[in-house]
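# Breakdown of the fold
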Amino acid sequence: MSVAGPDIRTAFASFFQKNGHLLLSSAPLVPHGDRSLLFTVAGMVPLKAYFLGQDTSPAGRLTSCQKCFRTEDLEQVGFTARHHTFFEMLGNFSIGDYYKDEAIAYAFSFLTRDLGLDPRRLAFTIHPDDEVARKAWKKVAAVGDDRIVPLSENFWEMGKGLPGPCGYDSELFWDTEKTCSCGRSNCQPGCDGDRWLEIWNLVFMEFDRTQDGTLLPLPRPSIDTGMGLERITAVVEGVGSNFDTSLLAPLVQGFASRSANPDADSAAWRVCADHVRGASFLVADGVLPGNEGRGYVLRRLIRRAALFARRAELTGGLAAGVGELASIMGEAYPELHERQAFIQGVIQTEEMAFAQTLDAGMSRLDQLLAQAGSGATLSGQDAFRLHDTYGLPVEVTVELARQQRVAVDMAGFQEELSRQQERSRSSARTQGNKVSEVPSATTTFVGYDQLEIDTQVISVLPDEVAGQGHFLVFLEESPFYAEAGGQVGDSGTLRWESGSALVLDTTYVADKVRAHHVKADSPPAPGTRVTASVDALRRAAIARHHSATHLLHKALREVLGESAVQRGSYVGPQHATFDFAFARALTESEIERVEETTNSAIRANYHRSVDLLPIGEARRKGAVALFGERYGETVRIVDFGGWAMELCGGTHVADSGNIGCVFILGEQGIGQGVRRISMVAGDAAVATFRGNHRRLREVASGLRVRVEEVPERVALMAARLRELEKATRTGDRGAQALLSRATIEEHGDVRLAVLDIPDADSELVGVLTDGLFSERMHGKGVALVLGKETLAIKVGPEEVSRGVSARVLVNAAAAAAGGKGGGRPEFGRGGFESGRRAGVPAAIRSVLAGEKVDA
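Report follows, based on the coordinates.

To continue, consider the packing of aromatic side chains. What the rule picks out here adds up to 25 aromatic pairs. Taken together, the aromatic side chains of Phe12, Phe15, Phe16, Tyr98, Tyr106, Phe110 and Trp200 make up a single cluster linked through ring pairs. A cation over a ring is seen here: lysine 554 above tryptophan 643, with NZ or CZ 6.0 Å from the ring centre.

See the structure below:
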């Protein structure tokens, strides 16, 4: 592949140096001393003080290739040809030196002579009042007025209407020779179509805007230009997208090659390619993930990429691209090589933290988006619940919703976010609201058979707990299940002729009176006819989990005996818990048998039937009652094919097969003689299985075995480890002889022990590292052991406290030798190419001093 991108960077600098410009190094992405900006967003940002006269420029003519970072169009990155977060801006600047004629001549000469672009495919825009620029273009480019387009928006200012330097600008456009989407054959620059591509902007600072808006001529007019390296590279290399250039294509291809999902959207690779650049340069410039400011932007960037990487089943995630980035851009930006291991560690740690927040929220978000449909709006309440309950960042919700053409009510989200508290459940609401005002009329529940009904409002009360804009609505009939028996209440909507409201929850208040907790600008008045609609997807997920608890209850009694009876439960859309009486912890075999028995009942596809019987008759039929629950004279029996029969007022699937499957997450004691099983059913179970299997594949890949061989391999490793540890502890002569071969070096006030055993496998490397650290280093300093193709490093607590990190050292060493690594600050492991083992100690030595300085 051509290396036009780096060549253009070099050629640009060389051209302007030949023309008397001082070449400036790129400034950091964090602007120095400029609190008005989070990041360096343009090439002139580091030079603002020169243009404003606040500092003296080192020369009248300057040039640079400035690294820049923007997030204004973050949602479009990866889905268009030219949007980026990180980009490089080529620029030449005159601080009161030359002016329009020279700037125009330089730009035309560089593009047509040095880069060899066809001048016939160039066109230029100017401000209608800028006759100087018009004449300069006609002279330099030898073109007629048809190639010079006047546009009133060609006026540059530091901020809309702000006082200070400002002036006309002139943009250079490249004719892609596409059939323009505007449909006109003679369209010109300024058209909204896709034929003309802006490649360079020349800003002529000639005025000083006063506080009253008056434009006064500057005594020393200046020049500020900017040309995106990615965009001009695409033009020179003749490709239609910046992501197909030599600057980005290797990254895109690298991420694509590490995908385990052949159906992944190619946008995922472009997102990762862009974001690994942005994240790596931010970390290299000292930004770390956080909850505000620059740290929040970095965290958002990494997590957006991690989301795409997860869906595409990317091995190594975003961090895997850092090494490739250093190979592509490390010559121009040496900090990528110098801090490569640290950058990888920061990104990897953030990706791992984010992965833990996704599993629960993603399934619910998918349901909400499917329910909303294209062109709809996801409520602020739902977006906040995903954020507050499931830990799903709102920007992830917005991103995924946008892909489904669903908007997100961000104003509503911000309103909910400002409260920063969970919605009070039934008891809290009952205590907070005036029970005496609750109507005595009961609501007829029709939700077993109907999820939508036209009904009438009985009464409306302000919800004093939830606050302004929240109300308790009481209906004559309702399809909404009210929280009871462990099952959460339904949510959905109320609609009437003049308005609508969100039903956030449904509970019983004041002796079983059903209250609908709604949010609305103005609630429906008593007597209003409303259409009450339950969130069908959420109800279905709840029903799957509730029916699963019935089958689980029966399975427990089948496996453990009739004494394993229910003591409580929680049934929600994403998971369920089941409490039962039992004196001891379940064995792994018992958990497996319970899970398999439950799933066998699901596969049997038992039909669910419901009967209303006198309680005595129900008991004689064998229906199981929940301990401690109060029942009336007539009870509701939910029966799955005669196999699992319980007294229950909840909602259920029609047939057990509708549950899909059940996955037991864990079992624990919650009190004397009471155990709790956590489980997921249906879509939530599938999502859990996929996540676990993905992690298992990663383990298998790391161990270089097939998935089915992982348990055996781990068992062998554990046995070998115990054997070697024992040998080392007991002073085995062979082990002691190996340890004696280590060399110990001094690097400042850090001691480094290096032991190279070329035929040692990974288990032996780990044990020898422990032995070397404890016996030769006496628990201090840094111990490095190299095996056949693996290495391990252990760092003492004193060194860790000073900032020396085994993880960082391992990553640096492995990367230098063609491998990968990871770990914790006190211990890390990695792999390397056997033919490059000599580079490992050298890499450790070169990084160690820098690591100390960073600390």
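Picking up after the structure, the text goes on.
One can describe the packing of helix H1 (residues 4-18) onto helix H3 (residues 100-114) by two numbers: an axis separation of 11 Å at closest approach and a directional angle of 135°. The angle between H1 and H3 falls in the class oblique. Crossing of H1 against H3: the hand is right-handed. Each of Ile8, Ala11, Phe12, Phe15 and Phe16 in H1 lies in contact with H3, whose residues at this interface are Tyr106, Ser109, Phe110 and Asp114. A class-by-class count of the residues in the contact of H1 with H3 yields seven nonpolar, one polar and one charged.

Now for the packing of helix H16 (residues 536-560) against helix H17 (residues 588-603). At a closest axis distance of 8 Å, the pairing of H16 and H17 adopts a crossing angle of 130°. As summarised for this structure, H16 and H17 are arranged oblique, according to the angle between their axes. H17 is crossed by H16, and the crossing has right-handed handedness. Residues Ala548, Leu551, Leu552, Ala555, Leu556, Val559 and Leu560 of H16 touch H17, and the partners they reach there are Glu590, Arg593, Val594, Thr597, Thr598, Ala601 and Ile602. Among the residues forming the contact of H16 with H17, the class breakdown is 10 nonpolar, two polar and two charged.

Looking at the element boundaries, alanine 812 is found in helix H24 (residues 806-816). Residue alanine 812 is classed as buried on the basis of its relative accessible area, which comes to 14%.

The subject of this paragraph is the sheet that holds strand E24 (residues 644-647). On the basis of which strands lie adjacent, the open sheet formed by three strands has the order E22-E23-E24 and antiparallel pairing. Two strands close off the open sheet at either side, each with one partner strand: strand E22 (608-614) and E24. Ignoring which end each strand starts from, the neighbouring axes of this sheet average 25° apart. In this structure, strand E23 (residues 634-640) lies alongside E24, joined through four bridges in antiparallel fashion. Within E24, the residue paired with phenylalanine 640 across the bridge is alanine 644. Against the sheet, H16 engages E23 and E24, with an angle of about 115° to E24.

The next point concerns the layout of surface pockets. Taken as a whole, the second largest pocket spans an internal volume of roughly 1400 Å³. As for the second largest pocket, its lining consists of 43 residues, of which Val41, Arg70, Phe87, Met89 and Glu198 are closest to the centre. Counting residues per element, the ones that place at least two in the lining of the second largest pocket are strand E3 (86-94), strand E6 (155-157), strand E7 (164-175), strand E8 (196-209), strand E9 (215-228) and helix H5 (229-237). Considering every element that reaches the lining of the second largest pocket, the biggest residue donor is E8, with seven residues. Residues belonging to the lining of the second largest pocket are distributed by class as follows: 19 nonpolar, 12 polar and 12 charged.

Along the chain, the position of asparagine 154 falls in the loop between strand E5 (148-150) and E6. At a separation of 2.9 Å, a polar atom in the side chain of asparagine 154 contacts the side chain of threonine 125. There is a polar contact of 3.0 Å between the side chain of asparagine 154 and the backbone oxygen of aspartate 169. Look past the residues within four positions of asparagine 154 in its chain and what remains in contact with it is Thr125, Ile126, His127, Tyr168, Asp169, Ser170 and Glu171.

This brings us to the sheet that holds strand E14 (residues 470-475). Reading around the circumference, E13-E14-E18-E17-E16-E19 is the order of the six strands in this closed barrel, with antiparallel pairing throughout. Pairwise comparison of adjacent strand axes, ignoring direction, gives a mean angle of 45° for this sheet. In this sheet, strand E19 (residues 529-534) lies alongside strand E16 (residues 492-496) in antiparallel orientation, the contact comprising four bridges. The residue bridging arginine 495 from the neighbouring strand is threonine 531, located in E19.

Before going further, it helps to spend a moment on helix H22 (residues 762-776). The first and last C-alpha atoms of H22 sit 20 Å apart over 15 residues, in line with the 21 Å expected at 1.5 Å per residue. Looking only at H22, the buried set comprises Glu763, Leu764, Val765, Gly766, Val767, Leu768, Thr769, Gly771, Leu772 and Phe773. N-capping of H22 is provided by aspartate 761, with a side-chain oxygen placed 2.9 Å from the backbone N of leucine 764. Positive backbone phi, at 55°, marks histidine 778, one or two positions downstream of H22.

The subject of this paragraph is the environment of arginine 258. Tracing the backbone shows arginine 258 in the loop between helix H6 (249-257) and helix H7 (267-284). If sequence neighbours within four positions are ignored, arginine 258 has contacts with Glu313, Leu314, Thr315, Ala320, Gly321 and Glu324.

Right, let's get into the nonpolar core. Membership of the largest hydrophobic core comes to 84 residues, with the highest contact counts inside it found for Leu111, Phe124, Trp137, Leu172, Ile199, Trp200 and Ile232. In contact with isoleucine 199, not counting residues within four places along its chain, are Leu111, Leu117, Leu122, Leu172, Trp174, Gly226, Met227, Gly228, Arg231, Ile232 and Val235. In this structure, Ala543, Leu560, Val594 and Val638 belong to the second largest nonpolar core, which totals 30 residues.

Burial of E7 is extensive: 12 of the 12 residues sit out of reach of the surface. When strand E4 (residues 122-126) meets E7, the two strands line up antiparallel, connected through four bridges. Within E7, the position partnered with phenylalanine 124 by the bridge is leucine 172. Here E6 pairs with E7 via three bridges, running antiparallel. Bridging across to E7, phenylalanine 155 finds its partner in tyrosine 168. As judged from the 10 bridges shared by E7 and E8, these two strands associate in the antiparallel manner. Directly across from glutamate 171, in E8, lies its bridge partner asparagine 201.

Cut-offs applied
Residues numbered from 1 in each chain as written. Predicted model: local features only at pLDDT ≥ 70, side-chain atom pairs only at ≥ 80, totals over all residues. Heavy atoms only, no water. Phe/Tyr/Trp six-rings, centres within 6.5 Å; stacked < 30°, edge-to-face > 60°. Lys NZ or Arg CZ within 6 Å of the ring centre and 35° of its normal. Axes fitted to C-alpha atoms, helices over the stretch in contact; angles between N-to-C directions. Helix = DSSP H or I, 4+ residues; strand = E, 2+ residues; numbered from the N terminus. Parallel < 35°, antiparallel > 145°, perpendicular 65-115°, else oblique. Left-handed = near helix turned anticlockwise from the far one by under 90°. Contact = heavy atoms within 4.5 Å. Nonpolar A, V, L, I, M, F, W, Y, C, P; charged D, E, K, R; others polar. Buried < 20%, exposed > 50% of the residue type's maximum accessible area, 1.4 Å probe, protein only. Pairing = 2+ DSSP bridges. 1 Å grid on protein atoms, 1.4 Å probe; cavity = no way out; pocket = protein on both sides within 12 Å on 5 of 7 lines; lining within 4 Å. Points joined across faces, edges and corners; volume = space filled by probe spheres on them. Polar contact = N/O pair within 3.5 Å; in protein donor to acceptor, adjacent residues only side chain to side chain. Expected span 1.5 Å × (residues − 1). Core = buried A, V, L, I, M, F, W, Y, C linked by side-chain atoms within 4.5 Å.

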